Amino acid sequence: MQWLMRKCTVCGRYTLQRDRCPVCGGPVAVPHPPRFSPEDKYVVYRYRMKMLAGLIPRSESQA
Ligand SMILES: [Zn+2]
């Protein structure tokens, strides 16, 4: 379930919002990445770019 959690990179608040912080509107990131490696970061980056581009349908269970 922690994968659903995001952490604002600006104010540090945890949120379920996937794209931006509901408090300050800043970008959010996964607070607990499985591991740190350039490849993984690249994958996450590509995923975020796809999501921002609307290529990945969002399944928001909570409005
Ligand atoms: Zn914020």
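This section reports on the structure supplied with the text. Note that the structure is a prediction, hence the values are computed from the model and not measured.

Locating Thr15 in the fold gives a position in strand E2 (residues 14–15). Sequence-distant contacts of Thr15, defined by excluding residues within four places in its chain, comprise Leu4, Met5, Arg6, Pro22 and Val28.

Tracing the chain through its elements places Arg6 in strand E1 (residues 6–8). Asp19 provides the closest opposite charge to the buried, salt-bridge-free Arg6, at an N-O distance of 8.7 Å. Each residue touching Arg6, except ones within four places of it in the same chain, is listed here: Arg13, Tyr14, Thr15, Gln17, Arg18, Val28, Ala29, Val30 and Pro31.

It is worth spelling out the coordination of the zinc ion at this point. Around the zinc ion, the protein supplies Cys8 (SG), Cys11 (SG), Cys21 (SG) and Cys24 (SG) as donor atoms, at distances of 2.2 to 2.3 Å. The coordination sphere of the zinc ion comprises four donor atoms, whose angles at the metal cover 102 to 123°; the geometry is tetrahedral.

Thresholds applied
- Residues numbered from 1 in each chain as written.
- Predicted model: local features only at pLDDT ≥ 70, side-chain atom pairs only at ≥ 80, totals over all residues.
- Heavy atoms only, no water.
- Helix = DSSP H or I, 4+ residues; strand = E, 2+ residues; numbered from the N terminus.
- Contact = heavy atoms within 4.5 Å.
- Buried < 20%, exposed > 50% of the residue type's maximum accessible area, 1.4 Å probe, protein only.
- Lys, Arg positive; Asp, Glu negative; His and termini not counted.
- Salt bridge = Lys/Arg side-chain N within 4 Å of Asp/Glu carboxyl O.
- Donors = N, O, S within 2.8 Å, 3.2 Å for Na, K, Ca; no water.
- Tetrahedral: all angles 85-135°; square planar, octahedral: opposite > 155°, others 65-115°.

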